[in-house]
Amino acid sequence: MMPIWTKSGKKHAVTLLKVQDCHVLRYISKEESGRKTAQLVVGGKNVSPFSKPESAHEIFKEAGVPRKQKISSFNVTDDAIIKPGTPLYAAHFRPGQFVDVTAKTIGKGFQGVMKRWGFKGQPASHGQTKTHRRPGAISTNKASKVYRGKKMPGKMGNIYRTTFGLKVWRVNTKHDIIYVHGCVPGHKNCLVKVRDSELPTCKESNKNPPFPTFFADGDEKLPEDLFDEEIFQFTEPSVTY
Amino acid sequence: CRASSDGKPAKFQPPAKPVIVDKQKQRVERRFLSPEFIPPRGRTDPLKYYMERKDMIQRRKVFNIPEFYVGSVLAVTTADPYANNKSNRFVGICIQRGGKGLGATFVLRNVIEGQGVEICYELYSPRIQAIEVLKLEKRLDDNLMYLRDALPEYSTFDMNMKPESHLDHEEIPVNKLQVRMKPKPWSKRWERPKYNIKGIKFELPESKMKEAQKWSQPWLEFDMLREYDTSKIEEQIWKEVNEELKK
């Protein structure tokens, strides 16, 4: 995470996300998937092919791509279908767009009810016998059962969570890095899924993306760094009011 | 000329060549790498530190961040939308330098009209318009937070202080000042060995000093897992930063 300053002098925190060897692996049509839209299966980060059996390598062989550590699917409209085997770059996202980021949260192991659910526990003194971090009552007398989904101690973290509506401040095309506003679930160097935001307030800003994606061998030559309009770039002199 | 034993003239012996000792070159070049360039120990990808360093060097090309240490007196002018001239000048002694990368900060302390004031500035913030070093010197400690509990005369500096010149090649003077403290209670127990403060003249009784030593952890200096040797990383970063700044 890094600080970033706007032209008015305000400071914001950004998370750096690296797009590492992403390729489109497979196209699943509407009928096959049974959903309203078609799907594209995308794989990230290259990994050695020797730790999995040959049967798991089929998808990668069809696309002509080394084995990927993580694959996930994206719901895509019919006009945005990409041929399997095309690489995806960070320039797919432009500064000013809004993005949803999904990742597995940091695993905390088996945790008690105070850390996991934020219960208040009991006082430390004034006669409490062996009860300082316990949940207390778990149901009422009339219910005569414990409801499903009752908040109780258990394994915390290591589940998929999404942060919505994060602004993209800057994109580095040379190293394929996306600078995304605020914080993102997951630990350092973990694998993360970045999608265009589905929030209704962010639909306007996502109007003109590179469609269907940014092709490196195409005609468009981008500068090394793409900045949002409001960012203070370090080549400018200091801010004055 | 001297007559030799066999009567022939002696072979001409040229005088020894003079050895020119260039005192300027003999002085080892002083290298200063700002502490926020050195990455902390962790599992972050070095690419992240490389990207931050590029931004830091870019800022340094446009705006001069001088060399200074904890204990030097600085004057900082920042842009302030609510001030008269839209700018604000503050003079103070640097008591702490914290943070790594772009978020590096330094705290300046001064006593204005009897009120102690500390301001934490970010080195790379675009609102800072000028940083001047009025007095470049080091102190016995890396962290002068104890000045809060010292007598106010040690933290007062004139707002219109004149900058003191400092020659480029000379070593930075170390001010071995031992500061006198206000009576206890202090904000932190500065006599305890965990703070390892050399710059206070403790006027506490011997029994108190001995009791403070009870909290010493003499095994810490031998702990090998705490060692972080930054010499090689510093060399690499120094070369990189210098090359970029010369361009």
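Small disclaimer: the values here were computed from a predicted structure and weren't measured. (Residues numbered from 1 in each chain as written. Chains lettered and ligands numbered in written order. Predicted model: local features only at pLDDT ≥ 70, side-chain atom pairs only at ≥ 80, totals over all residues. Heavy atoms only, no water.)

A.B. asks: So, the overall build of chain A: which residues are in play, and what are the values?
C.D. replies: The helix and strand tally for chain A stands at three helices and 13 strands. The C-alpha radius of gyration computed for chain A amounts to 23 Å, which surpasses the reference 18 Å derived for 241 residues by more than 25%, pointing to a less compact arrangement than a globule. The buried share among the 241 residues of chain A stands at 34%. For chain A, restricting intrachain contacts to residue pairs at least 6 apart in sequence, the fraction spanning at least 24 positions comes to 71%. Accessible surface computed for chain A: about 15,000 Å², of which carbon and sulfur atoms make up 53%. (Helix = DSSP H or I, 4+ residues; strand = E, 2+ residues; numbered from the N terminus. Rg over C-alpha atoms; globule rule 2.2 N^0.38 Å. Buried < 20%, exposed > 50% of the residue type's maximum accessible area, 1.4 Å probe, protein only. Contact = heavy atoms within 4.5 Å. Areas by Shrake-Rupley, 256 points an atom, 1.4 Å probe, with all protein chains shown as cover.)

A.B. asks: Go over helix α2 (residues 46–62) of chain B with me, naming the residues and quoting the values.
C.D. replies: With 17 residues, α2 of chain B extends 25 Å from end C-alpha to end C-alpha; this agrees with the ideal 24 Å at 1.5 Å per step. All of the buried residues in α2 of chain B are L47, K48, Y49, M51, E52, R53, D55, M56, I57, R59 and R60 of chain B. (Expected span 1.5 Å × (residues − 1).)

A.B. asks: Run through the interface of chain B and chain A, naming residues and quoting values.
C.D. replies: The interface of chain B with chain A comprises 27 residues on the first partner and 25 residues on the second. In total, chain B and chain A occlude about 2,200 Å² of area from one another, counting both sides; carbon and sulfur atoms represent 62% of this. The interface formed by chain B and chain A holds three salt bridges in total. For the salt bridge of R170 of chain A with D55 of chain B, the shortest nitrogen-to-oxygen distance reads 3.1 Å. One can count ten residue pairs in polar contact (both at pLDDT 80 or more) joining chain B with chain A. Among the elements of the structure, α2 and β5 (128–135) of chain B are those that each provide at least two residues to the side of chain B that touches chain A. With ten residues, α2 of chain B is the largest single contributor of residues to the side of chain B that touches chain A. Considered class by class, the residues forming the side of chain B that touches chain A number eleven nonpolar, five polar and eleven charged. (Buried area = accessible area lost by both parts, 1.4 Å probe. Salt bridge = Lys/Arg side-chain N within 4 Å of Asp/Glu carboxyl O. Polar contact = N/O pair within 3.5 Å; in protein donor to acceptor, adjacent residues only side chain to side chain. Nonpolar A, V, L, I, M, F, W, Y, C, P; charged D, E, K, R; others polar.)

A.B. asks: Give me the lowdown on the domain arrangement of chain A, citing residues and values where you can.
C.D. replies: The domain boundaries assigned to chain A delineate domain 1 (2–52 + 60–107 + 163–227) and domain 2 (108–156). Summarising the inter-unit geometry, the C-alpha centres of domain 1 of chain A and domain 2 of chain A are found 40 Å apart. (Domains from an automatic or database assignment.)

A.B. asks: Give me the pairing of strand β11 (residues 177–181) of chain A: which residues, what numbers.
C.D. replies: All names here are of chain A. Of all five residues that make up β11, four are buried, and the element is covered over most of its length. Pairing between strand β10 (residues 160–172) and β11: four bridges, direction antiparallel. Note that in β11 the partner of R170 across the bridge is Y179. (Pairing = 2+ DSSP bridges.)

A.B. asks: Kindly report on the nonpolar core, identifying the contributing residues and their values.
C.D. replies: Membership of the largest hydrophobic core comes to 64 residues, with the highest contact counts inside it found for F106, Y124, Y146 and L147 of chain B. A total of five residues in this core trace back to one element, the largest contributor, which is strand β2 (residues 87–98) of chain B. When sequence neighbours within four positions are dropped, the list of residues in contact with Y146 of chain B reads D141, V179, M181, W190, I197, G199 and I200 of chain B. With 22 residues, the next largest nonpolar core counts V19, A80, V101 and I178 of chain A among its residues. (Core = buried A, V, L, I, M, F, W, Y, C linked by side-chain atoms within 4.5 Å.)

A.B. asks: Just give me the short version of the pattern of salt bridges, but keep the residues and values in it.
C.D. replies: For the structure shown, the criterion picks out 21 salt bridges over all chains. A salt bridge links E54 of chain A to K61 of chain A, with the nearest nitrogen and oxygen atoms 2.9 Å apart. What makes K61 of chain A exposed here is its relative accessible area of 57%. Across the pair R60 of chain B and E36 of chain B runs a salt bridge, and its minimum N-O distance is 2.9 Å. On the criterion of sequence distance, the pair formed by R60 of chain B in helix α2 and E36 of chain B in the loop between α1 (23–26) and α2 is long-range, its members being 24 residues apart. Of the two residues examined, R60 of chain B and E36 of chain B, each falls in the buried class.

A.B. asks: Tell me about the side chain of S72 of chain B, and please be specific about residues and values.
C.D. replies: For S72 of chain B, the position within the fold is in the loop between α2 and β1 (73–79). Overall, S72 of chain B belongs to the buried group, its relative accessible area being 0%.

A.B. asks: An account of the sheet that holds strand β4 (residues 38–43) of chain A is needed here, citing residue identities and associated values.
C.D. replies: All names here are of chain A. With respect to topology, four strands assemble into an open sheet ordered β5-β4-β3-β6, the strand pairing being antiparallel. Either end of the sheet is taken by a strand with one partner, and the two such strands are β5 (71–76) and β6 (87–88). Examined bridge by bridge, strand β3 (residues 22–28) and β4 share five bridges and lie antiparallel to one another. Opposite I28, over in β4, you have Q39 as the bridge partner.

A.B. asks: Just give me the short version of the packing of aromatic side chains, but keep the residues and values in it.
C.D. replies: Residues and elements named next belong to chain B. Evaluated as defined, the whole model comprises nine aromatic pairs over all chains. The interplanar angle of 75° and the centroid separation of 6.3 Å between the aromatic rings of Y146 and W190 together place this pair among those described as edge-to-face. Taken as a pair, Y146 in the loop between β6 (138–139) and β7 (174–175) and W190 in the loop between β7 and α3 (206–212) lie far apart in primary sequence, 44 residues in all. Y146 sits in the buried class, given a relative accessible area of 1%. (Phe/Tyr/Trp six-rings, centres within 6.5 Å; stacked < 30°, edge-to-face > 60°.)

A.B. asks: I'd love a proper account of unusual backbone geometry, names of residues and values included.
C.D. replies: Residue and element names in this part refer to chain A. Residues F211 and P212 are joined by a peptide bond in cis, for which omega reads -10°. Note on placement: P212 falls in the loop between β12 (192–196) and β13 (225–227). A positive phi is found at H126, a non-glycine position, where the angle reads about 65°. Along the chain, H126 turns up in the loop between α3 (113–117) and β9 (154–156). By relative accessible area, which is 76% here, H126 ends up exposed.

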